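Below are the chains, spelled out letter by letter.
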Amino acid sequence: MPGELDGSADLWERNARTDPLWAVLAAPDKKGRRWNATEFFKTGERDVAEILGYVDVRGARPRMGRALDFGCGVGRLTQALATCFERVEGVDVSPTMIELARQYDRTGRCTFSVNTAPDLKLFADGAFDFALSILVLQHIPSPFAIGYVRELCRVVGPGGTLFFQAPHQRHVPLRQRRATALRRLAAWMLRRESVELAMYALPQDEVREILRSSGLDLIEARPDVWAGDDWESFTYLARKLV
Ligand SMILES: C[S@@+](CC[C@H](N)C(=O)[O-])C[C@H]1O[C@@H](n2cnc3c(N)ncnc32)[C@H](O)[C@@H]1O
C-alpha cells in the first residue's frame, strides 16, 4: 500500500480499536464509548431513508439488487441498505471496523470485506446497482480519494446510481486552521487514547471531470453539512449512462 494511504489506514485501525462508534459518528456527548448501539444504528436507518428518498425524488431510483457501502465502518449504513437491497457489500480499510460490522449485522444480507488497496479491484466492472459513500472520502488523502471515486464509477453498472459525499474546500482562514491544528495536536498528545480524524478536500471540478469521463451523468451536486462547519461539502448524485 502506498505510504500516505498506509498512514491513513493505520490511523483508522487505531480509531476502530479506541472508540469505534464515536470515530464513525463524532457526537460530542458520545465520546469515550458512550454510544448506545441501538441508537447508533437508528441514525443509519434515518440517513439511508433520507438518501433513498432524495434519490427517488430526483428520478434516480436504481434496481434494488446489489449495493455497495464504501468505507462502511461498523455497518451503520450497510445494515440499513440491506432492508431495501437484495445484497449489500460493505468495504473498509480497517480490519477491526469490519470485524465489528460482522458482529453487529442482524440482516444476513450484508457481506463485509477489508480492502487496503488504493482501488476496488475486488469488485468487477458494473457489479452494483447502487454505490454509496458518506463520511469517508473526506478522511482519505486527496490523490487516493480521487482514485476511489473513479473506482466507484467503474463498479456501478449501466443505469446504476452513485451517491457520495466529499468536502470541496475549507472555509476557515489559514491562520485559524493552524491554531486549530495545533490545539488538536496538543489535545491528542495529552490524551493519546482519543481518536484522530484527519480531513482532506476533493475539489468539485475534479469530481465533475471524473464523473463525466467515466460515463456518469451528474444529476446534482448538493451542499451538505456532513463535513462540519469548517468545510464546504457536497453530496453528488449521479447515474451511469446505459
Ligand atoms: C467516519 S467513518 C464513516 C463510516 C460509515 N460510512 C458511516 O457513515 O457510518 C469513516 C470510515 O471510512 C473508513 N476508511 C478510511 N479510509 C478508507 C479507505 N481508504 N478505504 C476504505 N475505507 C476507509 C474508516 O475506516 C471508517 O470506518
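The following refers to the structure shown. (Residues numbered from 1 in each chain as written. Predicted model: local features only at pLDDT ≥ 70, side-chain atom pairs only at ≥ 80, totals over all residues. Heavy atoms only, no water.)

Section: the overall build of the protein chain
Convention followed: Numbering of helices and strands runs from the N terminus, with a helix taken as a DSSP run of H or I at least four residues long and a strand as a DSSP run of E at least two residues long. The cut-offs for exposure are 20% and 50% of the maximum accessible area for each residue type, with area from a 1.4 Å probe on protein chains only; residues under the lower value are buried, those over the upper are exposed, and the others partly exposed. Two residues qualify as a contact provided that any one of their heavy atoms is within 4.5 Å of a heavy atom in the partner residue. For the accessible areas, the method is Shrake-Rupley and the probe is 1.4 Å, while residue cover comes only from the protein chains on display.
Counting secondary structure elements, the protein chain contains eight helices and seven strands. Burial statistics for the protein chain: of 242 residues in total, 51% are counted as buried. In the protein chain, the share of contacts with a sequence separation of at least 24, taken over all contacts with a separation of at least 6, comes to 69%. Roughly 11600 Å² of accessible area belongs to the protein chain as shown, and the carbon and sulfur atoms make up 52% of that amount.

Thoughts on the sheet that holds strand β7 (residues 231–240)
For sheets, the rule is that strands pair by backbone hydrogen bonds, running either parallel or antiparallel. The cut-off we apply is this: DSSP calls a pair of strands paired once it identifies at least 2 bridges connecting them. Only C-alpha atoms enter the line fits that serve as axes; for helices the fit covers just the stretch in contact. Angles between N-to-C directions range over 0 to 180 degrees.
Strand order in the open sheet made by the seven strands is β3-β2-β1-β4-β5-β7-β6, with mixed pairing throughout. The sheet is open, and its two edges are formed by β3 (110–114) and β6 (216–224), each paired on a single side. Averaged over all adjacent pairs, the angle separating strand axes in this sheet is 15°, with direction ignored. Sheet analysis places strand β4 (residues 128–133) next to strand β5 (residues 156–170), joined by five bridges and oriented parallel.

Section: the layout of surface pockets
If a probe the size of a water molecule is rolled over the atoms, the empty space left behind becomes visible. So the rule is basically this: Definitions used throughout: a 1 Å grid over protein atoms alone; a cavity as a set of points that fits a 1.4 Å probe which cannot get out; a pocket as an open set with protein on both sides within 12 Å along at least five of seven lines; a lining residue as one with an atom within 4 Å of a point. Grid points are joined across faces, edges and corners, and a volume is the space filled by probe spheres set on the points. Under this grouping Gly is polar, as are all residues other than the nonpolar Ala, Val, Leu, Ile, Met, Phe, Trp, Tyr, Cys and Pro and the charged Asp, Glu, Lys and Arg.
In this structure, the second largest pocket occupies an estimated 150 Å³ of space. Lining the second largest pocket are Asp-47, Glu-50, Ile-51, Tyr-54, Phe-163, Arg-222, Pro-223, Asp-224, Trp-226 and Thr-235. Those elements that provide at least two residues to the lining of the second largest pocket are α3 (37–57) and β6. Considering only residue class, the lining of the second largest pocket consists of five nonpolar, one polar and four charged.

A look at the environment of Phe-164
Mapped onto the fold, Phe-164 is located in strand β5. With relative accessibility at 0%, the residue Phe-164 sits in the buried group. Separated by 73 residues in the primary sequence, Phe-164 and Leu-237 place their C-alpha atoms 6.9 Å from one another. Excluding its chain neighbours within four sequence positions, the residues that come into contact with Phe-164 are Ser-133, Leu-137, Val-149, Val-207, Leu-211, Phe-234, Thr-235 and Tyr-236.

Focus on the pairing of β6
Relative to β7, β6 is paired through eight bridges, and the arrangement is antiparallel. In the strand pairing of β7, Asp-217 is matched with Arg-239. Taking the residues that link successive antiparallel strands as the turn, the β6-β7 hairpin has six residues, and the phi of Gly-228 there is positive, at about 90°.

Topic: the site of the ligand
Stated precisely, the cut-off is as follows: Throughout, the term near means that a residue has one or more heavy atoms lying within 4 Å of the molecule or strand in question. Whenever a nitrogen or oxygen atom comes within 3.5 Å of another N or O atom, the pair is scored as a polar contact, on the condition that within protein one atom can donate a hydrogen and the other can accept it, and that pairs from neighbouring residues in sequence are kept only if both atoms are in side chains.
Around the ligand there are 20 residues in total, and Val-24, Gly-71, Arg-76, Asp-92 and Ile-134 lie nearest to it. Contact distances for the ligand include 2.8 Å between an oxygen atom and a side-chain N or O atom of Arg-76. Protein contact buries 99% of the 600 Å² of open area that the ligand shows by itself. Contributions of two or more residues to the shell around the ligand are made by α1 (3–18), α2 (20–24) and α4 (76–81).

Details of helix α6 (residues 142–155)
Quick note on the threshold: To estimate how far a helix should extend, the number of its residues minus one is multiplied by 1.5 Å.
Under the 1.5 Å per step criterion, the end-to-end length of α6 is 20 Å for 14 residues, consistent within 8% with the ideal 20 Å. Of the residues making up α6, those classed as buried are Phe-144, Ala-145, Ile-146, Tyr-148, Val-149, Glu-151, Leu-152, Cys-153 and Val-155.

Focus: the pattern of salt bridges
Rule in force here: Salt bridges are defined as contacts in which a side-chain nitrogen from Lys or Arg sits within 4 Å of a carboxyl oxygen from Asp or Glu.
Across all of its chains, the model carries 14 salt bridges by this definition. Residue Asp-47 is joined to Arg-46 by a salt bridge in which the shortest nitrogen-to-oxygen separation is 3.2 Å. The exposure class assigned to Asp-47 is buried, which follows from its relative accessible area of 4%. Using a relative accessible area of 47% as the deciding quantity, one classes Arg-46 as partly exposed.

A few points about the packing of aromatic side chains
Definition in use: Put simply, two rings from Phe, Tyr or Trp (the six-membered ring, in Trp's case) pair if the centres are within 6.5 Å, and we call them stacked under 30 degrees between planes, edge-to-face over 60, tilted for the rest.
Considering all chains together, one arrives at nine aromatic pairs under this definition. Both rings, one in Phe-41 and one in Tyr-104, keep their centres 5.0 Å apart while their planes meet at 55°; by these two values the pair is tilted. Here Tyr-104 lies in helix α5 (residues 95–104) and Phe-41 lies in helix α3, a separation of 63 residues in the sequence. Its relative accessible area of 13% is what places Phe-41 among the buried residues. For Tyr-104, a relative accessible area of 25% translates into the label partly exposed.

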